[in-house]
Amino acid sequence: MRASNILVFVISALTLSSCSGRKFPPGFKFGAATAAYQVEGAWNVSDKSPSIWDTFTHDHPEQILDGSNGDVACDSYHLWEQDIQLAKDLGLHFYRFSLSWPRLLPNGFANHISEDGSRYYNNLIDGLIANGIEPMITLFHWDLPQNLQDLGGMTNPLIAEWFGAYSRVAYTLFGDRVKTWSTFNEPLAICDVAYEGGKLAPGIASPETGIYLCAKNLMIAHATSYRIYNEEFRAKYNGKVGIVNHHVWFTPYSSEYEELTHLTRDLGFLYSHPIYSETGGWPPSVEAFVASKSEKEGYSTSRLPKFTAEEIEFVKGTADYYGFNYYTSRLVREANNSTVFAWPSNGNAELNVELIPDPNWDAGLDWLVSYPPGIRAQLNLIREYYGNVEIIITENGFSTSTDELDDVTRTQYFRDHLEQVLLANTEDGVNVTGYTAWSLIDNYEWNSGYTSRFGIVRVDFTDPLRSRTPRASAEYYADVIRHHSL
Ligand code: GBH
């Protein structure tokens, strides 16, 4: 985006905060999210088998800041009724949670459905609905069954079949009551972050090739799941299926990096272009870039596997909405020899870019620098790329290292970001229809263990009962929902 556009954003933001037209459109929905491995605990109850996150945290505690794991986490496997009560007290329209694949299908395959696993999710779904809260299910939020990993996991093209079969079980069991589905949460994390340095499960570093094998297989797996829904369930259940992408808003460090910024943004759309673009397939700029680099490196084919013409058609159009997770923004410039590549893994090594926060932005914990206009700018960019597709903000939130109840910075983060979402909707006409706070409750924050808190509700992890206490941000959010305005 050009500086003049940023100025327009700033001016309209100022105008908005000084007048009263701060209502969200009537159908706009508010929710909050969690993910199975981060909240459920009960990692080995009944016939549940280990996921790659069980294995990774048990075998490599040194990869986790406090050496912890999700064995118990928030114990939501047992305390799900409390989670529903919290969601109800907040007035949430929907609750976004994920299914643990190895809890539902202990073999990974569809030949055996766990009775306890299916009962757990049925109870959760029914409980939500009884309290007027729509369930929104993510099929895959990173916790792949370990036995499928042993067969190659995301780098085995058969993952598409396995994921399809798992999806069919989930759609069959829950599709009568669950109307909004997403297949994968953040391919960027599943493929790029995980395979770049092996920092996330399965702990395999394969930055040149593993990343892109995963990328292609994931796209086919997503489309397989979508098409199964279309062919076997849509007529009966009439729900929506999409995928959730994480985007960092990128803007040039200085005008000489405009082109590099475009390429960086295009790479950020690696998992969107095959679905939402008119042509289908990988973003052409990225495809050309990796192909030419691979050739120079002596590879016989591009490290980014090509789609066949048939595969392009198979993947194209396979989403009923655009799931968008937003947390932070970065400036883009060319890396030099002394650059230490840090998160975000958005091709920084591949493109030789350095992605750095503007010192003027509010520093949060670790990587999470707050730049509210970024969410609005990225919403507009999605529309610029793919037209006025329905967008649901599937995650947005802020972390702290302390667990205070009066969470002033988190509340401010929500206020500022909600305002930008509202502006994108009302001023820019972006078709954004929902907003999801990450997270309903403090939970297991992957490599940060329990040191990084995202909950609008505090969880006391020293308490065997994992007591839950709403923070000030929860009150604020409940207020926004109640008034349907800021
Ligand atoms: C989301 O990822 C996830 O969907 C969710 O599960 C998670 O709890 C939430 O955000 C908050 O993080 O350790 O410096 O290398 C957002 C993308 C990818 C951001 C991994 C942090 C690791 C940063 N995340 N990344 S670092």
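Our subject is the structure listed above.
Along each chain, numbering runs from 1 in the same order as the chain's sequence is written. Per-residue local features are limited, in this predicted model, to residues with pLDDT of at least 70; the limit for side-chain atom pairs, both in listing and counting, is 80 or more; totals at the level of whole chains, interfaces and linings are taken over all residues. The basis for every side-chain value is the complete set of non-hydrogen atoms in the structure, without hydrogens or water.

1. Points about the environment of V421
- Only DSSP runs of H or I with at least four residues qualify as helices, and only runs of E with at least two residues qualify as strands; both kinds are numbered from the N terminus onward. By secondary structure assignment, the location of V421 is in helix α18 (residues 408-426).
- The cut-offs for exposure are 20% and 50% of the maximum accessible area for each residue type, with area from a 1.4 Å probe on protein chains only; residues under the lower value are buried, those over the upper are exposed, and the others partly exposed. What makes V421 buried here is its relative accessible area of 0%.
- In this structure the C-alpha to C-alpha distance between V421 and T436, which are 15 residues apart in sequence, comes to 11 Å.
- Contacts between residues were defined by any pair of non-hydrogen atoms, one from each residue, lying within 4.5 Å. V421 has contacts with F28, I375, L379, I393, V432 and Y435, leaving out every residue within four places of it along the chain.

2. Some thoughts on the pattern of salt bridges
- When a carboxyl oxygen of Asp or Glu lies within 4 Å of a side-chain nitrogen of Lys or Arg, that pair is called a salt bridge. On inspection of all chains with the given rule, the structure shows 24 salt bridges.
- Put simply, R96 and E395 hold a salt bridge, and the shortest N to O gap is 3.0 Å. On the criterion of sequence distance, the pair formed by R96 in strand β2 (residues 94-98) and E395 in strand β8 (residues 391-395) is long-range, its members being 299 residues apart. Comparing R96 with E395, the two get one shared label, buried.
- In this structure, R482 and D479 form a salt bridge, with 2.9 Å as the shortest nitrogen-oxygen distance. In this pair, R482 and D479 both sit in helix α19 (residues 472-483), 3 residues apart, roughly one turn of the helix.
- Residue classification places R482 among the exposed residues on the basis of a relative accessible area of 58%.
- Within the structure, one salt-bridge network assembled from shared partners comprises K293, E297, R303 and E350.

3. Here's the deal with the site of the ligand
- A molecule or strand has a residue near it when one of that residue's heavy atoms lies within 4 Å. With respect to spatial proximity, 15 residues lie near the ligand, and among them Q38, H141, N185, E186 and E445 are the closest.
- The definition of a polar contact used here is a pair of N or O atoms within 3.5 Å, where within protein one atom must be able to donate a hydrogen and the other to accept one, and adjacent residues in sequence count solely through side-chain atom pairs. One of the side-chain nitrogen or oxygen atoms of K199 is found 3.1 Å away from an oxygen atom of the ligand.
- E445 is positioned with one of its side-chain polar atoms (N or O) 2.6 Å from an oxygen atom of the ligand.

4. A word on the packing of aromatic side chains
- Stacked, tilted and edge-to-face are the three classes applied to pairs of Phe, Tyr and Trp rings, where Trp contributes its six-membered ring and a pair requires centres within 6.5 Å; stacked means planes under 30 degrees apart, edge-to-face means over 60, and tilted covers the rest. Under the defined criterion, the tally for this structure stands at 44 aromatic pairs.
- Considering the side-chain rings of Y37 and W446, the 6.0 Å spacing of their centres and the 20° angle between planes classify their relative orientation as stacked. Of the two residues, Y37 sits in helix α2 (residues 36-39) while W446 sits in the loop between β9 (432-438) and β10 (457-459), which places them 409 residues apart along the sequence. Each member of the pair, Y37 as well as W446, is classed as buried.
- Each residue in the set F24, F28, F30, F398, Y413, F414, Y435 and Y477 is aromatic and connected to the rest through ring pairs, giving one cluster.
- We call a charge positioned over a ring when the NZ of a Lys or the CZ of an Arg lies within 6 Å of the ring centre and within 35 degrees of the ring normal. Seen from the ring of Y476, R415 lies directly overhead, with NZ or CZ sitting 4.9 Å from the centre.

5. A closer look at the nonpolar core
- Counting residues in hydrophobic clusters, the biggest one holds 149 residues, and the most contacted among them are W53, L99, W101, F174, W181 and Y435.
- Of the residues forming this core, the biggest block, 12 residues, is contributed by helix α10 (residues 210-232).
- The contact partners of Y435, leaving out residues within four places of it in the chain, are F28, K29, F30, G31, F94, I393, N396, F414, L418, V421 and Y477. In these notes, a set of buried Ala, Val, Leu, Ile, Met, Phe, Trp, Tyr and Cys residues joined through side-chain atoms within 4.5 Å is what counts as a nonpolar core.

6. Notes on unusual backbone geometry
- Here the amide bond leading from A201 into P202 is cis, since omega sits at 10°, within 30 degrees of zero.
- Mapped onto the secondary structure, P202 falls in the loop between α9 (187-197) and α10.
- Despite not being glycine, A42 shows a phi value in the positive range, around 45°.
- At A73, a position not held by glycine, the phi torsion is positive, near 50°.
- As for its placement among the helices and strands, A73 is situated in the loop between α3 (52-59) and α4 (76-90).

7. Considering the state of the cysteines
- Counting rule for disulfides: a pair of cysteine sulfur atoms within 2.5 Å. Enumeration over the complete set of coordinates arrives at 1 disulfide.
- Covalent S-S linkage joins C191 and C214, the inter-sulfur distance amounting to 2.1 Å. On the sign convention where negative means left-handed, the S-S torsion of about -70° between C191 and C214 marks this disulfide as left-handed. Remark: C214 occurs in helix α10 and C191 occurs in helix α9; sequence separation between them is 23 residues.
- Residue classification places C191 among the buried residues on the basis of a relative accessible area of 0%.

8. Quick notes on the pairing of β8
- Most of β8 is tucked away: 5 of the 5 residues are buried.
- Any two strands with at least two DSSP-identified bridges between them are counted as paired. One ladder, built from 4 bridges, connects strand β6 (residues 322-334) with β8; its direction is parallel. Considered in β8, the bridge of F324 is made with I393.
- With the strands pointing away from the viewer, any crossover whose connection runs clockwise from the first strand over the helix to the second is right-handed. What joins β8 to β9 is α18, and the crossover it makes is right-handed.

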